Every structure is written in structure tokens, then in C-alpha cells.
2 protein chains.
Amino acid sequence: MFFRGVNPINLDAKGRMAIPARYRDRLSEHCGGQMVATIDTEERCLLLYPLAEWEEIEAKIEALPSFKPAVRRIQRLLIGHATDIDMDGNGRLLLPATLRDYAGLSKKIILLGQGSKFEIWSEEHWMATREEYLAEADAAELPDELQNLSL
Amino acid sequence: MFFRGVNPINLDAKGRMAIPARYRDRLSEHCGGQMVATIDTEERCLLLYPLAEWEEIEAKIEALPSFKPAVRRIQRLLIGHATDIDMDGNGRLLLPATLRDYAGLSKKIILLGQGSKFEIWSEEHWMATREEYLAEADAAELPDELQNLSL
DNA sequence: GGTAAATGTGGGTAAATGTGGGTTATTTTG
DNA sequence: CAAAATAACCCACATTTACCCACATTTACC
């Protein structure tokens, strides 16, 4: 299960997001269209997992030592915001208002394939963040793992 | 699988790019015409891989420690922009608007063979960049690896 | 240089996709 | 418990994309 690519999508008046057709079949087979959305704690964007992948992650998060404040914080943020969402008959997901607000999603959004999950950004915020990322691309401060990566 | 050469190509009104015939057979055999395009993070151009080659790279990028900001950045840029593209019956690729915009591709483009991948430039930008490269070619500041290279 | 084959280009059409909204069910709230 | 809001489900239309065919142009070969 590997997702990639940039997908500009419009939310409709009800807050629904049409999943691009090329992902639909895979999602239906893999998890019957059952997904989980939660927030990204670093950036103002959402994370969207197929149910099976999310459950693995959730298990790991819960297994962490919960007396540590930093761990409690992550647990509350990630698990707390995690919401089950099913694709409807037209291959659309209804994003809850709480999550839409967090990521500042209005009409134009970006669905970004990121391996085993997707990220959901407001178009505006994604564009701005992308430009930052590109500007930072002076190789000077790259960690070793990246220095040696040949593309 | 090794690609060489500069190929001036015209995009048609639908944003399609005809792959020069001499590459077609090899691409059909090697990957059934399945390719992946993504962005180059240093230059405003695109990278075009046969699917198999891309998957190797993707696996490496995915395996990096994703809590490091520099790594997340690369993952978002490279995997995020990676888009599956298939050759049509006429040996053409339809480049998505998002990627065309990034590289500033309008009509005249350059397909540049670069070993296991291609690069795609707008003709204008390629010409300018090539001139820069030629101007910088005072050997003084070459790293050791290059000093010893005999052509 | 002429001819035939191969390549590049343009666009039409049917099918797939995206979009909007109506109606019924379910939940929430006063 | 009633009323309002939200969500689920469904259908229908508009748009886009993929696929195909046909023509123009170039290349290769005789």
C-alpha cells in the first residue's frame, strides 16, 4: 500500500472531499474504504490513514510509557483527534468540522500521497510551505543520510 | 537501462509529451511504459523515472528517520510530488498540470537523458542554465572526485 | 532524390470521474 | 419529547480524461 502524488481537490459545500479515482479501488480492497483522519502535530495539516495502518500506529502510541508528559501530550493529540471516516458510494470522505478547522481547510485543498498515509493541506498553506522547503534546500545542513542519497 | 541525449520536444495543447521513439521500446519492455515523474528540489525541472527505478528510490527515502525535519521535508517534496504516468498507445505521457507549473513548462521543452532517469526542462530555462554551467566551468573549484576524472 | 516506413501531432468520442443537491435517517439540543 | 441540525444515501448532470483513429511530417533506405 503506497500512496504518492499531489492532488488538488475541492471541498464541496458539505465539507466532502472526493478521493481521486486512482486510489479508490486500492482503498476499497485494502480496508473497505474505512479510513482514519487525525492531526499532524508539527504542521497545520491532517493525516489520513487506511484503518489497518492506523491501528498499528495507534497500538505503538498506546504502548509508550504514559507517565511521561511528552508522551501523554502526543497521545491526547493524536489519538484524541483520530476520527473514523468511511468513503461514501461516490468515493467521497466527509471531513469533520473540528479537523477542517485545525488545518484551515476551506474550499481548495491538497491531498498529498505520503507512503502509507496521505496528508491533507489547505492549498494556500501547502503552497507557502512548499516554497519554504524549496528555499531551505541548500545542501549545507542536510543530515548524512541525505547527503549520500543519489537520485 | 541507461538514457542519454538532449531531446527537444513540443507539448501539445493537452499537455502531452511524445517520448522519442528510440526510448519507447526499451521503456515498454522494461516497465510496460509505467513511469513516475516528480520534481527536482534544486532546480525548477522534473525527474522522470521508470517505475522500477523510482520504487527503489522511494523505498530509501521512506526508510529515513521521519522525525527529522530535513527528512520530512524531502519526503514531502519528492514523494509528495511523485506522480504515476503511463505511456498512451502513441508513446506519449500526459504531464499533470501541477508538475508542469512547477517546472514552468509551456510548449517547448527539453527531455534530458540522465542515466537511469530523465530530466524535463522548459527549453528556455534549460538554455539559460546550460550557459551558467558553462560559464562556471573554471576548473579551480572542482572537488577531488572530478579533478581526477579523465574524459 | 524519391519513395516507403516510421514518427510526431491533432483532435473526436465514449467512458469514467467529479460535483451538486434532494430526500431520508440519525443524532443533538433546548 | 419535539425540533433542528447533522450525516448518510442516492440519483443526475457536467466535466474531464483516456482511448482511438487519421493526417502531417520527418526519417531512413534504396
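Details of the structure are given in the entry above.
Residues numbered from 1 in each chain as written. Chains lettered and ligands numbered in written order. Predicted model: local features only at pLDDT ≥ 70, side-chain atom pairs only at ≥ 80, totals over all residues.

Asks: Got a minute to help me understand the protein's contact with DNA strand C in this structure?
Replies: Around DNA strand C, the structure places 20 residues, and the nearest of them are A:Asp12, A:Pro20, A:Ala21, B:Asp12 and B:Ala21. Here the residues of the surface near DNA strand C are counted per class, giving 10 nonpolar, six polar and four charged. (Near = placed C-beta within 6 Å. Nonpolar A, V, L, I, M, F, W, Y, C, P; charged D, E, K, R; others polar.)

Asks: Help me out: how do you make sense of the protein's contact with DNA strand D in this one?
Replies: DNA strand D sits among A:Asp88, A:Gly89, A:Asn90, A:Leu94, A:Pro96, B:Asp88, B:Gly89, B:Asn90 and B:Leu94. Residues belonging to the surface near DNA strand D are distributed by class as follows: three nonpolar, four polar and two charged.

Asks: Honestly, the nonpolar core in this entry has me stumped. Any pointers?
Replies: For soluble globular proteins, nonpolar side chains are generally found buried alongside one another. Residues B:Ala37, B:Leu46, B:Leu48, B:Ile109 and B:Ile120 are the most contacted members of the largest nonpolar core, which totals 36 residues. Those elements that provide at least two residues to this core are α1 (21-31), β3 (34-39), β4 (46-50), α2 (51-63), α3 (69-81), α4 (97-103), β7 (108-114) and β8 (117-122) of chain B. If near-sequence neighbours (up to four positions away) are discounted, B:Ile120 is found in contact with B:Cys45, B:Leu46, B:Leu48, B:Ala103, B:Ile109 and B:Leu111. Within the second largest apolar cluster, 31 residues are counted, among which are A:Val6, A:Ile39, A:Leu47 and A:Ile109. (Core = buried A, V, L, I, M, F, W, Y, C linked by C-beta atoms within 7 Å. Buried ≥ 20, exposed ≤ 12 C-beta atoms within 10 Å, placed from the backbone. Helix = DSSP H or I, 4+ residues; strand = E, 2+ residues; numbered from the N terminus. Contact = placed C-beta atoms within 7 Å.)

Asks: I'm lost on the sheet that holds β8(B) in this one. Help?
Replies: Neighbouring strands of a sheet are bound in pairs by backbone hydrogen bonds; such pairs are parallel or else antiparallel. All names here are of chain B. Taken together, six strands build an open sheet; the order of strands is β1-β7-β8-β4-β3-β5 and the sheet is antiparallel. What marks the edges here is a single partner per strand, and that holds for β1 (6-10) and β5 (83-86). Within the sheet, the average angular offset between the axes of one strand and its neighbour, ignoring direction, is 30°. When β1 meets β7, the two strands line up antiparallel, connected through five bridges. Each bridged residue has a counterpart across the sheet, and for Ile9 the counterpart in β7 is Ile109. In the packing of α2 onto the sheet, contacts are made with β3, β4 and β8, and the angle to β4 comes to roughly 110°. (Pairing = 2+ DSSP bridges. Axes fitted to C-alpha atoms, helices over the stretch in contact; angles between N-to-C directions.)

Asks: Explain the sheet that holds strand β5 (residues 83-86) of chain A here, please?
Replies: Residues and elements named next belong to chain A. Taken in spatial order, the six strands line up as β1-β7-β8-β4-β3-β5 in an open sheet, and their pairing is antiparallel. At either margin of the open sheet sits one strand with a lone partner, and together these are β1 (6-10) and β5. On average, each strand axis in the sheet is inclined to that of its neighbour by 30°, with strand direction left out of account.

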